[in-house]
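Descriptive analysis of the structure
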Amino acid sequence: MREVLRRDASSVVEAAQATLPNETPELAIKIALALLVLAVGWYLSKLAVRIAGRTVARRIERPSVTRTVLRGVRLAVLLWAIGIAAGILGVGDTQILLSVTVISAVIAIVLAPLVGSLINGLYILADRPYEIGDMIEVTDAGHRGFVEDITIRYTKIFTLQNTFIVIPNSEIHARDVVNFSAEDERTRISIGLEITYDSDLEAARQAAERAARSVDEVISGGPDIRIGSARYAAAPSCYIAEYGDHGIALELFFWMNHPYKQTVVRSAVQDAINERFADIDAEFAYPRRHHVFDGSSGVARVSVDDSGFEQPHANASRSPGPTGEPPADPTDQ
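Please read all numbers here as calculations on a predicted model, not as lab measurements.

Here the focus is the environment of V166. Looking at the secondary structure, you find V166 in strand β4 (residues 164-168). Through-space distance from the C-alpha of V166 to that of E148 is 9.7 Å; in sequence the pair is 18 residues apart. Among all residues touching V166, those that are not within four sequence positions of it are Y154, T155 and K156.

Next comes the structure, spelled out in C-alpha cells:
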C-alpha cells in the first residue's frame, strides 16, 4: 500500500514539475503538494463526520459515545492524509519511528498521565455515571453545572456561574459525583425552621406545606414518587424534627422539577412561609434566656462615684447572711 502511495506521489510530483517552469525547486513542489493534501484531508475529515454523523447518532443513542466515534472517524481521515503527505515528502519509516528505548521513555515520563486519562475516559463511557446534558456536582470541589462534553481525556462542565471547568478523567473518576439528571430530574429538598413552644404547632405545619405548594416550581401533588423500593409523597410534607432548647424544630420536604433552580425555589418557599406565619399564631424561635431570682440569689449593691457612673459594690456577688442581709463590707468600717 505504501509503495503504491509512493509511486502515485512520485507521478504527481513529476506531473507538477512538467507543468511548472524548470527553475522551480523540487522541494518546493513537494512541500506545496503536501500542504495541499493536508488541506484536502482536513476538509474531507469534516465532510466524513457530517455524512456519518446522522447514521452514527441513529445507531448509538448516547451523545458522548457518538462524539467519540465521530472524532475517531475524523482522526482516521487526517492520519490518512498525513501518510500521503509524508509519502510526497519522501519521509520513510525509519525517519518517522523512533527507537524502542526512546518511545518507552517518552511514554513513561510524558504520556503516563495521558494514558491514565484515556483509560478512565473509557471507563466513564462504559459505566455511564453521567451523560452530556446532565446536571452534576463534584462534591469535594463544590462545582455544580451541566456536562457540556465528554472526551477520552477530559470532561467539560458548564457551571451555573456561567464558567467552564475542564476536569481530566483520571481525576473525576476518583471523585464523588452527584448526578441530578440520571433518571429523573425531580429533586427532593428540605428546609429547616424552628417555632416557639407558644405557637400553634399544627397550624404552623399546615401553613408551611401550603406555602411550599404556592410556589410554581414546587410539585404540589400527584402520585407518589418512587425511588428504588421507597415511595415518597409528591406533595410538600412538614414533620417535627425535634423539641429543641429554644423551640420546636420542623423540617419541610418538597419536590421540585428543575434541580438547577434550587436556590431560587428555596428562597421563594421561605418567603412564602414568612408571609403565612404572619397571619397565624406561629412565631419563629430564637435563642432566649429566662433568669429566675429568689431569696438565695444575692443582692446587687451599686454606688455612684464622682464621675456620675454607677460602680458595682465589692460584695455584690456574695451570698446573704443568715438573716437575709448581705454581710458587712470590711471597707465600710
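The rest of the description comes next.
What follows deals with the sheet that holds strand β3 (residues 154-159). Two pairing modes exist for strands in a sheet, parallel and antiparallel, and in both the strands are linked by backbone hydrogen bonds. The sheet built from five strands is open, its strands ordered β4-β3-β2-β1-β5 with antiparallel pairing. At either margin of the open sheet sits one strand with a lone partner, and together these are β4 and β5 (177-179). Strand after strand, the sheet turns through a mean of 40° between neighbouring axes, direction not considered. Here β3 pairs with β4 via five bridges, running antiparallel. By the bridge assignment, K156 is partnered in β4 with V166.

As a further point, take the sheet that holds strand β9 (residues 237-243). Pairing is antiparallel across the open sheet formed by three strands, whose spatial order is β6-β10-β9. This sheet does not close on itself; its edge strands, each paired only once, are β6 (187-195) and β9. Adjacent strand axes in the sheet meet at a mean angle of 25° when their direction is disregarded. Judged from the nine bridges that link them, β6 and strand β10 (residues 248-256) form a sheet pairing that is antiparallel. Residue pairing across strands places G192 opposite E251, the latter belonging to β10. On top of the sheet, helix α8 (residues 262-277) reaches β6 and β10; it is set at about 35° to β6, its chief contact.

Here we take up the pairing of strand β1 (residues 135-138). In β1, alternate side chains face the same way, and those of M135 and E137 on one face and I136 and V138 on the other are all buried. Of the pairings in the sheet, the one linking β1 to strand β2 (residues 143-150) comprises four bridges and is antiparallel in character. Residue pairing across strands places M135 opposite F146, the latter belonging to β2. Hairpin connection between β1 and β2: a loop of four residues separates the two successive antiparallel strands, and G142 in this loop has a positive phi of roughly 75°. Both β1 and β5 contribute to a ladder of three bridges, which runs antiparallel. Along β5, the bridge assignment pairs I136 with N179.

On to the environment of D134, then. Note on placement: D134 falls in the loop between α5 (100-127) and β1. Since its relative accessible area comes to 12%, D134 is described here as buried. It is 7.1 Å that separates the C-alpha atoms of D134 and F180, two residues lying 46 residues apart in sequence. The residues touching D134, leaving out its near neighbours within four places in the chain, are G145, F146, V147, N179 and S181. At 2.9 Å, the side chain of D134 forms a polar contact with the backbone nitrogen of E131. Among the polar contacts listed, one links the side chain of D134 to the side chain of N179, at a separation of 3.3 Å.

Thresholds, definitions, all that
Residues numbered from 1 in each chain as written. Predicted model: local features only at pLDDT ≥ 70, side-chain atom pairs only at ≥ 80, totals over all residues. Heavy atoms only, no water. Helix = DSSP H or I, 4+ residues; strand = E, 2+ residues; numbered from the N terminus. Contact = heavy atoms within 4.5 Å. Pairing = 2+ DSSP bridges. Axes fitted to C-alpha atoms, helices over the stretch in contact; angles between N-to-C directions. Buried < 20%, exposed > 50% of the residue type's maximum accessible area, 1.4 Å probe, protein only. Polar contact = N/O pair within 3.5 Å; in protein donor to acceptor, adjacent residues only side chain to side chain.

Limitation: the analysis is restricted to geometry and does not speak to function.
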